[in-house]
Every structure is written in structure tokens, then in C-alpha cells.
Amino acid sequence: MKIDRKLSLNTLAIHAGQQPDPATGAIMTPIYQTSTYVQPALGKPLLPGYEYARTKNPTRTAFEQCVAALECEGDNIGYGAAFASGCGAETTVMHLLEPGDHVVVSDDVYGGTFRMFDKVFFAGGKGIQFTYVDMTNLAAYEAAFKPNTKLVWIETPTNPMLKVIDLEQTIAIAHKKKALALVDNTFMSPMLQKPFRFGADIVLHSATKYLNGHSDVVSGVTVVKDKALADKIYFLQKSLGAVAGPMDSWLAMRGLKTLPLRMERHDFNGRAIAQKLAEHSEIAKVIYPGLKTHAQHALSSKQMSGFGGMITFVMKGGLEKARKVVAGTKIFALAESLGGVESLIEHPGIMTHASVPPENRKALGIDDGLIRISVGVESVDDLWEDLKIALAL
Ligand code: P1T
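Residues numbered from 1 in each chain as written. Predicted model: local features only at pLDDT ≥ 70, side-chain atom pairs only at ≥ 80, totals over all residues. Heavy atoms only, no water.

Q: Looking at this structure, how should I read the site of the ligand?
A: Taken together, the neighbourhood of the ligand is formed by 19 residues, with Cys87, Asp184, Ser206, Thr208 and Arg372 sitting nearest. A distance of 2.6 Å separates an oxygen atom of the ligand from a polar atom in the side chain of threonine 208. In the model, an oxygen atom of the ligand is placed 2.8 Å from a nitrogen or oxygen of the serine 337 main chain. Protein chains bury 94% of the 470 Å² of accessible surface belonging to the ligand in isolation. Ranked by residues supplied to the shell around the ligand, first place goes to helix H3 (residues 86-94) with three residues. A class-by-class count of the residues in the shell around the ligand yields four nonpolar, nine polar and six charged. Taken together, domain 1 (9-256) and domain 2 (260-391) each give at least three residues to the shell around the ligand, which thus spans both. (Near = heavy atom within 4 Å. Polar contact = N/O pair within 3.5 Å; in protein donor to acceptor, adjacent residues only side chain to side chain. Areas by Shrake-Rupley, 256 points an atom, 1.4 Å probe, with all protein chains shown as cover. Helix = DSSP H or I, 4+ residues; strand = E, 2+ residues; numbered from the N terminus. Nonpolar A, V, L, I, M, F, W, Y, C, P; charged D, E, K, R; others polar. Domains from an automatic or database assignment.)

Q: Before we go on, may I ask you to explain the pairing of strand E9 (residues 310-315) in this structure?
A: On a regular strand, each side chain points to the face opposite its neighbour's, so the side chains alternate between the two faces of the sheet. Among the six residues of E9, six are classified as buried, and the element is accordingly described as predominantly covered. When strand E8 (residues 283-287) meets E9, the two strands line up antiparallel, connected through four bridges. By the bridge assignment for E9, isoleucine 287 is matched with threonine 312. (Buried < 20%, exposed > 50% of the residue type's maximum accessible area, 1.4 Å probe, protein only. Pairing = 2+ DSSP bridges.)

Q: Just to check I follow, could you spell out helix H8 (residues 227-240) for this structure?
A: Side chains of residues three or four places apart in an α-helix project in the same direction, reflecting 3.6 residues per turn. In this model, H8 (14 residues) spans 20 Å end to end at C-alpha, consistent with the 20 Å of a helix rising 1.5 Å per residue. For H8, the full list of buried residues reads Leu229, Ala230, Ile233, Leu236 and Gln237. Projected down its long axis, H8 carries its buried residues within an arc of 125 degrees, all on one side. Those residues of H8 that are exposed and aimed more than 90 degrees away from the buried face are Lys232 and Phe235. Looking at the packing, one finds that the buried side of H8 touches helix H2 (58-72), strand E1 (79-83), H3, strand E5 (180-184), strand E6 (202-206) and strand E7 (220-224). By the N-cap criterion, in which a side-chain oxygen at the helix start approaches the backbone nitrogen of a residue two or three places on, H8 is capped by aspartate 226, the distance to alanine 228 being 3.4 Å. Glycine 241 lies just past H8 and shows a positive phi near 85 degrees. (Expected span 1.5 Å × (residues − 1). Arc of directions from axis to C-beta. Contact = heavy atoms within 4.5 Å.)

Below, the structure is given as C-alpha cells:
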């Protein structure tokens, strides 16, 4: 799209990276379901880069540019790269590092991210060191740096305890220490949190979640603003090969078109359900950045433009009660994942964070009675009725 004016994210979500197909005028970017491109002459592809579809695919490029435009708040500013999954994006970023490098990681990251760092890049003999730290404690965070720290991995709000990390402060400290700052923005999406405003170097998403939003694609994305860093990521993207396929890219790009609408409703429903849960007698604690009781509520209100649809709560009756609740809902489906239009419920200790050792889970507060919900975009009254019935079982 070639418009010089600054466009709002609502418009960019629908148009960025996309133009009518020059061959037919089709308004939707075609699914270029091809593995290769015919070259008119030896060593002269029709378009630069379009030699083999692991390196470049026009559907993937359109999706990458659309996400980049949303994170960078403008068309043609940043550089997106799409991968076969969020973990594929993470694997690729980790290859920016060398054996002997050190990473400072927020202590409460997605269980699969922890597993990758701990079992593959550390214990797996790749020689990368990690320090997991509660980044809401800035003194502890700063003390975690070593002379060989090259990367800071910030997930905020954290998964599943929804701790909110101060992006401005943590990124400034990372830069003072000459480390790159990566923000996993999966839980908020670019609609509710803009890590580049705080100086992030890399923004990463599991596009499986809010970006795609319809629970029918597994995908991941990185966005950077710096051309030299983008070139390194594109080199790793094609060399490691964990690329997003054209069909998945197309579906995720279609999902992106309604991201602004969906996030508004996730946020609206999330606030309402969190408030109701906080008033419920069977619940010991509700964690939601939008509640005044949240430890970083003031920071959340400043740093995010909404609180989203992720809520964590602890049942007074522990595991036994939690089992009944997660099995008892009818609209909230018992499943891993989040960020789709449909509401999901899960037990992090047994499901998404089972790969986190029990002692770490205990230290983080991932209690046996802890339940995580991803509030979808259904009617909030129907959602609350569903939870209310299950909470009474
Ligand atoms: O599942 P995948 O697309 O590979 O994304 C990994 C990932 C990365 N970052 C965050 C913050 C995530 O939450 C995830 C995946 N999370 C779940 C599947 C989950 O249920 O929490």
C-alpha cells in the first residue's frame, strides 16, 4: 500500500503489506502455494530473492510486512520474519548467539520457552548460559547481568503469573549493559502494548495466539527495526528453515485484519470476568493487570493501552477443586493455547507449564489450584454464566 500519510493500526491491520494482485486485480493476496520460481535466464530470477520458496514467498512476505507495520506503527518501517511456530521464531533468534554467551530471562516464561532454553540451548550442549530472574525486581535484574550477557528475554505480562515488567527500565538497563532486548509480545499483541516505543530491539510473537486469533494456525513472527539485525534474522530464517508456509501465512494475515476489533472485545470481556472472579467466594486470588489488586496495576495502566483477555486465578480448594472447574465449563474449552476468539481454560501446573520443574513452579506461585483462562470474544454474560456454574461444582 502506498500512502504517505501516517495510518492508524486499524487501517494497517487490513492493508499493510498487501496490494491487489497485479495479474487479476484480486483484492486478496493469493496463496502462492509454490516451492520454487521459474527463472527467465540462468541466475536471473524474475524478482530478486524469489529463487526458492524457503528464502522468500510473496504470501509470507505480505504477512511479515503487515505484522511489522503494526509493531512499528507505520508501513515500510520495520522488518518482519514469519516462522513455523512461536518456538521456531525463538529457535531462530537464539542462533544470533554464540556458545559462551549469556541470556537474562524473565523467570516466568511460557513452559515451552523454558524447556527450549534449559534442555536444548543449555543442557543440550549448545553452551549458552541463562539466568532466570524476577524482572519486577529491578535490582535483582541488574545483578543478573554478566560481562558475556548478549540478550535479555522479556515476556510481559508473564505466562502464567501475569507479572508486568517495566519495559522502559529493563530495556534501558539492557542497553546500558550492551545487550539486545527482546520482548515477547504474544499476550498483549501490538494493539495493547508497543515494545518499540520503549526501545526494544526484537519483538517476538507466537502468532498462533492473538495475531491469527482463530486457533487454526501454528505460527511465529519476529519484528526488528534495525536493517543489519533484520539481515541477520533473514539469513538465519532461510538457513535454519523454520519458515511459515504460504497457507498459514495467508490465514494469519486474514486473522490480522480483525485484530483491532478482537482485542477490544478480549479486553472488555477480560475486565468484566476478572472483576466477577475477584468477587467470588471460592477463589483465593485473581491475577489480572486490570485489577487494582494487581502488584503492577499502576505500571500496567501506563505501559499498556488495555489489559487483554488473560486471567489467572487460584481456587481455595486446591487441585481437587481446580480439576472440577476446568472439567466443568462448557463454553470455556479445556485446552492449551490462548488468544483465539473462543474461550479456553487450562491448568498450567499439569498442562502448559508441566516442563517447568515442580520446585520452580512452587517458587513462581504456580499453585496446584491455579487456573489460567483465555477469555474469548463470546457474550460476556454467557461466559460468566459458564464459569459460575463450574465454580459451584
Ligand atoms: O506455540 P508456539 O506458537 O510455538 O509459541 C510458543 C509461545 C511463545 N511465547 C509465548 C508467550 C507463548 O505463550 C507461547 C505458546 N504458549 C502456549 C501454547 C500456551 O498455552 O501458553
